[in-house]
Structures are given as structure tokens and as C-alpha cells.
Amino acid sequence: MIRSFNPPVRTLMGPGPSDVSPRVLAAMSRPTIGHLDPQFIQMMDEIKQMLKYAFQTENELTMPVSAPGSAGMEACFVNLVEPGDKVIVCQNGVFGGRMKENVERFGGVAVMVEDAWGTPVDVAKVKAALEQHGDIKAVAFVHAETSTGVRSDAQAICALARDYGCLSIVDAVTSLGGIELKVDEWGIDAIYSGTQKCLSAPPGISPVSFGERAIEVIQARKTLVPSWFLDKKLVMGYWGGGAKRAYHHTAPVNTLYALHESLVMLQDEGLENAWARHDRHHQALKAGLEAMGLGLLVDEACRLPQLNSVLIPDGVDDAALRSQLLNDYSLEIGAGLGALAGKTWRIGLMGAACTQRNVMLCLTALENSLVSQGIAINTGVAGAAATAAYR
Ligand SMILES: *Cc1c(COP(=O)(O)O)cnc(C)c1O
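Residues numbered from 1 in each chain as written. Predicted model: local features only at pLDDT ≥ 70, side-chain atom pairs only at ≥ 80, totals over all residues. Heavy atoms only, no water.

1. Focus: the pattern of salt bridges
To keep things clear, this is the line we draw: Salt bridge, as used here: a side-chain nitrogen of Lys or Arg that lies within 4 Å of a carboxyl oxygen of Asp or Glu. By definition, any uninterrupted DSSP run of H or I lasting at least four residues is a helix, any uninterrupted run of E lasting at least two residues is a strand, and each is numbered from the N terminus. Any residue under 20% of the maximum accessible area for its type is buried, any over 50% is exposed, and the rest in between are partly exposed; the area is computed with a 1.4 Å probe on protein chains only.
In total, this model carries 16 salt bridges according to the counting rule given. For the salt bridge of Asp-135 with Lys-86, the shortest nitrogen-to-oxygen distance reads 3.2 Å. Of this pair, Asp-135 sits in the loop between helix H5 (123-132) and strand E5 (136-142) while Lys-86 sits in strand E3 (residues 86-91); the two residues are 49 residues apart in sequence, bridging distant segments of the chain. We classify Asp-135 as partly exposed; its relative accessible area is 47%. If you follow the salt bridges from partner to partner, you end up with Lys-48, Lys-52 and Glu-60 in one network.

Here it is in C-alpha cells:
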């Protein structure tokens with residue numbers, strides 16, 4: 001007979017989901033109420049307000065899409081791209097490739113600006129593409145590439161898009177809450193994120209925000225948005241302010257309790273403090289890894305603190321090592337993707353998982369597992385190096 005599912009307790013240091021704090025899990029188990037209940041609507045308003053803080057924006061059209069980050073991506077493209085529109089898509093990892101698919105599926109033309117995996121978007125190449133094509137509608141790029149651990153210069157790319165009269169569409173799934181991100185100050189027009197990375201809420205919700213210029217483009221569309229569910233004009237009737245909410249879809253009530261709680265925690269910690277925490281623990285992890293003799297893929301200048309791509313030493317059985325971490329330490333880290341499969345591990349330090357305890361656990365578990373595979377590394381020094389970094 002099938003019985004209740006009781007998952008093991010893991011430490012999640014992969015590319016997401018990240019550890020969800022007990023406070024957030026507790027919030028999620030509170031009684032389900034109606035999604036048009038006045039008390040629920042009040043909570044929705046608080047979520048909106050706290051998302052504006054997290055995104056650093058005054059955008060009225062800031063809301064959580066009831067579906068994972070990929071749906072936030074789709075919400076941006078399906079509302080802003082019409083057949084024939086040209087969109088510059090910057091690709092330096094997995095997620096830029098998905099942006100291209102989105103543009104093309106909605107009838108647009110993707111003008112690709114490609115950079116090697118492990119390097120940031122080259123702003124000069126974006127400028128050259130804008131110069132070459134006079135009729136670009138939007139520039140789309142990934143702020144924090146989770147497949148490689150690279151940060152691109154969102155501020156510079158968005159400023160460039162503005163100079164050329166284009167919209168900017170930004171993937172901030174992994175950046176929100178983990179590194180500096182300022183939607184209004186940087187002039188970002190449309191942005192989407194996810195809950196299961198640095199916000200440390202359960203997966204399944206995608207915060208999005210659209211600025212004035214993006215809304216004007218949506219209002220001026222010549223064709224109907226080809227997705228009913230993601231059509232912002234329709235969703236606005238439900239998430240837009242005011243007391244009279246129209247039924248659009250049944251909101252994922254309990255998951256939104258969880259998001260609300262994680263945003264309260266972010267607000268209590270302070271956004272700048274959360275950014276600083278991610279950096280602090282990254283520095284300690286890096287010091288420990290380097291002391292052990294392991295290298296990082298990404299240049300220090302554009303390295304994400306919340307996603308560390310570690311070069312796998314020669315002779316390691318990658319899959320066996322990750323199983324060892326999972327079985328012996330209940331610790332999850334991520335595998336490399338695409339061209340980096342078998343070459344890198346992706347160690348996440350996201351949200352609630354970004355702690356000193358996790359840094360020390362990960363270093364110990366990696367060291368012991370590498371030694372057990374007979375790999376020559378420097379032993380007995382990683383913990384001290386990380387500890388020194390904390391001082
Ligand atoms: C995780 C991720 C996504 C997709 O989010 P899902 O919630 O898995 O749909 C998109 N972009 C980036 C950069 C991500 O890290």
C-alpha cells in the first residue's frame with residue numbers, strides 16, 4: 001500500500017531549490033482560505049509591496065506569477081513580443097537559449113549575441129548588434145547565469161538598451177535577493193525571478209515587474225497576447241490594487257503564504273545585508289576550496305557568490321562523488337550543464353542555505369569524498385582557510 005511521502009532532510013547547495021527555512025515551511029502549513037477572502041487580498045497587497053522592495057522598484061505592475069521562473073520568462077516575452085519583432089538575445093549559458101526559444105515561438109526574430117559559457121555578456125558586442133540593426137525592439141539577457149555562475153553587467157546593458165530606444169528584458173531568477181539588483185535605478189523595463197533560489201521559498205512562483213515603457217508597449221499591441229493565462233492585461237484585474245478583484249485563476253494560496261514569509265525575512269534582514277551575507281559566505285567557501293587545491297571556473301570580477309562553478313580535478317568520478325555527498329552527508333550540489341557536464345560542480349549558496357554551517361559542511365564532505373576516491377588534494381587545511389576568511 002502507498003503511504004504518506006516523507007522526504008529526507010537534505011542540505012540543498014545546488015542551483016535551486018535552496019533550503020527552505022522552518023519559518024517559511026510553517027507559514028505554508030497554515031489553513032487554506034479563499035483566494036478572494038479579504039484577508040488573503042490584504043496579504044497579496046503585502047506581497048506586492050515587499051516584492052517592490054526586493055526589486056527596488058516603484059512599478060505598480062509588480063506581482064508573483066502563479067508558476068515557476070520559466071513562466072515568468074514566458075510572461076515577459078509573450079506580452080512584449082509580437083510577430084516580426086526583432087529582439088537581441090544574449091546567450092552565455094543555458095537560459096539565454098530558452099529566451100531565444102521564447103522569442104521565436106511568439107513569432108519574433110532573435111538576433112543572437114553569443115559569449116562563451118563561463119564569461120559574461122560582452123557589452124561591446126551588444127552595442128555592435130544595436131548599431132548593425134536599426135529596428136531592435138528589446139534586449140534580453142540573464143543577469144545571473146545559473147548554469148555557469150557568471151554575473152553580467154545588468155546596469156550597463158540596460159543603459160545601452162535605453163540609449164537605442166529599446167526595452168530591456170532581464171532574467172533575475174538567481175540574482176534577486178543574492179546580489180545587487182536595482183530595477184528603477186538601472187532602468188530595467190521587464191524582469192522576472194523565481195522563489196526557490198535566493199528568496200528560499202518553495203518553487204512554483206515567479207515574481208515579475210513591468211515598468212511604464214513596457215506597459216505602453218503592451219497597451220499598444222496590434223495582436224492579442226497568444227497566452228490567456230499569462231496575458232498581463234487580464235491578470236491585472238486580479239493582482240492590480242483596489243478592493244474589487246476579479247477572478248482570474250485560483251492563486252496557489254499556501255505557496256503564497258510561504259513567499260510572504262520569506263519576503264518578511266528578507267525585509268527584516270535588509271536587502272543590502274542579504275547581498276553582503278551571500279558575499280561573505282562565498283569568500284569563505286572560495287578560500288576553503290582554493291586551500292584544498294580546487295579551482296573556480298569564473299573570473300573573480302564577474303563571479304556570482306550564490307553559484308560557485310568548481311573545476312572537477314582529473315580522475316574524479318563525478319556522478320559517484322555527488323552520490324557520495326548525497327548518501328553520506330545528505331548534501332546536494334549541482335552537476336555541470338552542457339559543455340561543462342563532467343567538468344564542473346555547481347555549489348549554490350542561496351538564501352537560507354547561505355550559512356557558515358553549510359560552508360563548513362560542504363568543505364568537509366568534499367574533502368572526505370575526494371580523499372576516499374584517492375584524489376590528491378591538500379587535506380586538513382580547507383576548514384582553517386575558511387575560518388580565517390570569516391575573521
Ligand atoms: C532556475 C532558473 C530559471 C528557471 O526557473 P524555474 O523555476 O526552474 O522554471 C530561469 N533562469 C535562471 C537564470 C534560472 O536559474
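Now that the structure is up, let's keep going.
2. Some details on the sheet that holds strand E10 (residues 206-210)
Put simply, the rule is: Here, a strand pair is defined by DSSP locating no fewer than two bridges between the strands. For helices, the fitted axis covers only the stretch in contact; all axes are lines through C-alpha atoms, and the angles between them, taken along N-to-C directions, range from 0 to 180 degrees.
Pairing is mixed in the open sheet, where 7 strands are placed in the order E2-E10-E9-E8-E5-E3-E4. In this open sheet, the two edge strands, each paired with only one partner strand, are strand E2 (61-65) and strand E4 (109-114). In this sheet, adjacent strand axes meet at a mean angle of 15 degrees when their direction is disregarded. Direction of pairing for strand E9 (residues 190-192) relative to E10: antiparallel, over a ladder of 3 bridges.

3. Re helix H6 (residues 154-163)
To keep things clear, this is the line we draw: Relevant arc is that of directions from the helix axis to the C-beta atoms, nothing else. Any pair of residues with heavy atoms lying within 4.5 Å of one another is described as a contacting pair.
Those residues of H6 not exposed but buried are Ala-154, Ile-157, Cys-158, Leu-160 and Ala-161. Within H6, the buried residues cover an arc of 155 degrees as seen down the axis, which keeps them to one side. Turning to H6, the residues buried within the fold contact H5, E5 and strand E8 (167-171). Just downstream of H6, Gly-165 is the residue with a positive phi angle, here 70 degrees.

4. What about the site of the ligand?
Put simply, the rule is: Throughout this document, a residue counts as near a molecule or strand when at least one of its heavy atoms sits within 4 Å of that molecule or strand. Pairs of N or O atoms are called polar contacts if they sit within 3.5 Å, as long as, within protein, a hydrogen donor faces a hydrogen acceptor (for residues adjacent in sequence, only side-chain-to-side-chain pairs). The protein chains shown are the only cover counted for residues, whose accessible areas, like all others here, come from Shrake-Rupley with a 1.4 Å probe. As a working rule, the residues Ala, Val, Leu, Ile, Met, Phe, Trp, Tyr, Cys and Pro are called nonpolar, Asp, Glu, Lys and Arg charged, and the rest polar, with Gly in that last group.
Taken together, the residues surrounding the ligand are Pro-68, Gly-69, Ser-70, Phe-95, Val-142, Ala-144, Thr-146, Asp-171, Val-173, Thr-174, Gln-196 and Lys-197. The contact in question runs from an oxygen atom of the ligand to an N or O atom on the side chain of Thr-174, over 3.1 Å. Compared with its free state, where it exposes 380 Å², the ligand has 89% of that area covered by protein. Across the shell around the ligand, the residue classes break down as 5 nonpolar, 5 polar and 2 charged.

5. Focus on the domain arrangement of the protein
Let me state the cut-off plainly: As annotated, the domain borders come from an automatic or database domain assignment. What counts as buried area is the accessible surface, traced by a 1.4 Å probe, that two parts surrender upon association, with contributions from both included.
The domains assigned to the protein are domain 1 (22-267) and domain 2 (271-390). Across the domain 1/domain 2 interface, buried area totals approximately 1900 Å², and carbon plus sulfur atoms make up 66% of it. At the boundary of domain 1 and domain 2, one finds 0 salt bridges. If you look at where domain 1 meets domain 2, you find 8 residue pairs in polar contact (both at pLDDT 80 or more).

6. Some words on the sheet that holds strand E11 (residues 307-311)
Consider a sheet: its strands pair through backbone hydrogen bonds, and that pairing is either parallel or antiparallel. An order of E1-E12-E13-E11 is seen for the 4 strands of this open sheet, with the pairing classed as mixed. Both edges of this open sheet fall to strand E1 (11-13) and E11, since each of them pairs with a single strand only. When strand polarity is set aside, the average angle formed by the axes of neighbouring strands in this sheet is 35 degrees. Note: E11 against strand E13 (residues 344-348), 5 bridges, orientation antiparallel. When the bridges of E13 are listed, Leu-307 appears paired with Gly-348. Packing against the sheet, helix H11 (residues 318-329) makes contact with strand E12 (331-335) and E13, and its axis sits at approximately 160 degrees to E12.

7. A look at the pairing of E12
Examined bridge by bridge, E1 and E12 share 3 bridges and lie parallel to one another. If you follow Leu-12 over to E12, its bridge partner there is Glu-332. Bridge count between E12 and E13: 2 bridges; the pairing is antiparallel. In the sheet register, Ala-335 faces E13, and the bridge partner there is Trp-345.

8. Focus: unusual backbone geometry
In the segment running from Gly-16 into Pro-17, the intervening peptide bond is cis, with an omega of 5 degrees. With respect to the helices and strands, Pro-17 occurs in the loop between E1 and helix H1 (22-28). If you check the backbone angles, Ser-200 has positive phi at about 55 degrees while not being a glycine. Considering the arrangement of structural elements, one finds Ser-200 in the loop between E9 and E10. The exposure class assigned to Ser-200 is buried, which follows from its relative accessible area of 4%.

9. Digging into helix H7 (residues 212-219)
Residues of H7 that are buried: Ala-214, Ile-215 and Ile-218. Projection of H7 onto a plane perpendicular to its axis shows the buried side chains occupying an angular sector of 100 degrees, all on one side. Exposed and oriented more than 90 degrees from the buried face of H7 are Glu-212 and Glu-216. For H7, the secondary structure elements touched by its buried residues are E2, helix H3 (69-80), E8, E10 and helix H8 (232-239).

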